[in-house]
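Letter by letter, the chains look like this.
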Amino acid sequence: MNTPSAPRPAGQLPSELLLAFAPLHKAAFGAAIGVACGLLVFGVTAVTLLRHPPVNIELLAVYFRGYSLSWTGALIGGVWGGFVGFVFGWFTAFCRNFVLAVSLFVIRTRAELARTRDFLDHV
C-alpha cells in the first residue's frame, strides 16, 4: 500500500532518482560482463564438443589466440572471453558515466542561467 511521504526540502531529489543517476562502478560492471562472456564462450565450446557431429566454431581461433575446438581451447576461450568482456564492460560503464555527467552538467548550467537571466534588471 502506498503511504504518503513527508514533503522533501527544496532541491533534494527522491532516492529513486539518486539511484538512477548514480555512476556505475567500472570495475564491477566490467567484471560482471567479463564473467558472463567468459562463461558464454566456454559454454558454447563445451556444448559444441558434446554434440555429435560437432558444429564448426573454429572462427573463434581467429579472434582468440590459442583457442581451438577442445577442452583446453574451451578454457583458453573462456579466459579470452572474460578479458574481452571486462574491457567492453569497463568501457561501457565509463562512457555511460561520462555522458551522464556531461548531461547533468548541461542541464544544471541551463537551469542556473535561466534562474539568473534577469539579474541585471534588478541592479
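Residues numbered from 1 in each chain as written. Predicted model: local features only at pLDDT ≥ 70, side-chain atom pairs only at ≥ 80, totals over all residues. Heavy atoms only, no water.

1. Comments concerning the packing of helix α2 (residues 26-50) against helix α4 (residues 71-115)
Note the following rule: Lines fitted to C-alpha atoms define the axes, with helix axes restricted to the stretch in contact, and inter-axis angles between N-to-C directions lie between 0 and 180 degrees. Secondary structure elements follow DSSP: runs of H or I of four or more residues count as helices, runs of E of two or more count as strands, with numbering from the N terminus. In what follows, roughly perpendicular refers to angles from 65 to 115 degrees, roughly parallel to angles under 35, roughly antiparallel to angles over 145, and oblique to any angle outside these ranges. Two helices cross in a left-handed way if the nearer one is turned anticlockwise from the farther one by less than a right angle. They cross in a right-handed way if the turn is clockwise. Classes in brief: Ala, Val, Leu, Ile, Met, Phe, Trp, Tyr, Cys and Pro nonpolar; Asp, Glu, Lys and Arg charged; the others, Gly included, polar.
At a minimum axis distance of 6 Å, the contact between α2 and α4 shows a crossing angle of 150°. Between α2 and α4, the interaxial angle falls into the category roughly antiparallel. Between α2 and α4 lies a crossing of right-handed hand. When its residues are assigned to classes, the contact of α2 with α4 shows 18 nonpolar, 12 polar and 1 charged.

2. Remarks on the packing of aromatic side chains
Going by this rule: Each pair of aromatic rings taken from Phe, Tyr and Trp, with Trp reduced to its six-membered ring, is defined by centres within 6.5 Å and is described as stacked if the planes are under 30 degrees apart, edge-to-face if over 60, and tilted in the remaining cases. Working definition: with a 1.4 Å probe on protein chains only, accessible area under 20% of the residue-type maximum means buried, over 50% means exposed, and in between means partly exposed.
For the coordinates displayed, the defined rule picks out 4 aromatic pairs. Ring plane angle 80° and centroid distance 6.1 Å describe the contact between W80 and F83, whose orientation is recorded as edge-to-face. In this pair, W80 and F83 both sit in helix α4, 3 residues apart, roughly one turn of the helix. Taking the centre distance of 5.6 Å and the plane angle of 5° together, the rings of W90 and F94 count as stacked. Placement of both W90 and F94 in helix α4 is noted, with a separation of 4 residues, approximately one turn of the helix. Note on F94: relative accessible area 37%, which makes it partly exposed.

3. Notes on α4
Under the convention used in this document: For a helix, the expected span equals 1.5 Å multiplied by the number of residues minus one. Residue contacts follow a heavy-atom distance rule, with two residues in contact if any of their heavy atoms lie within 4.5 Å.
The terminal C-alpha atoms of α4 lie 65 Å apart, and with 45 residues this matches the ideal 66 Å at 1.5 Å per residue to within 8%. Every buried residue belonging to α4 is among G73, A74, G77, G78, G81, G82, G85, G89, A93, N97 and L100, and all of these are buried. For α4, the elements touching its buried residues are α2.

4. A closer look at the side chain of T45
Relative to the assigned elements, T45 resides in helix α2. Beyond its immediate sequence surroundings of up to four residues, T45 is in contact with I57, Y67, L69, S70 and A74.

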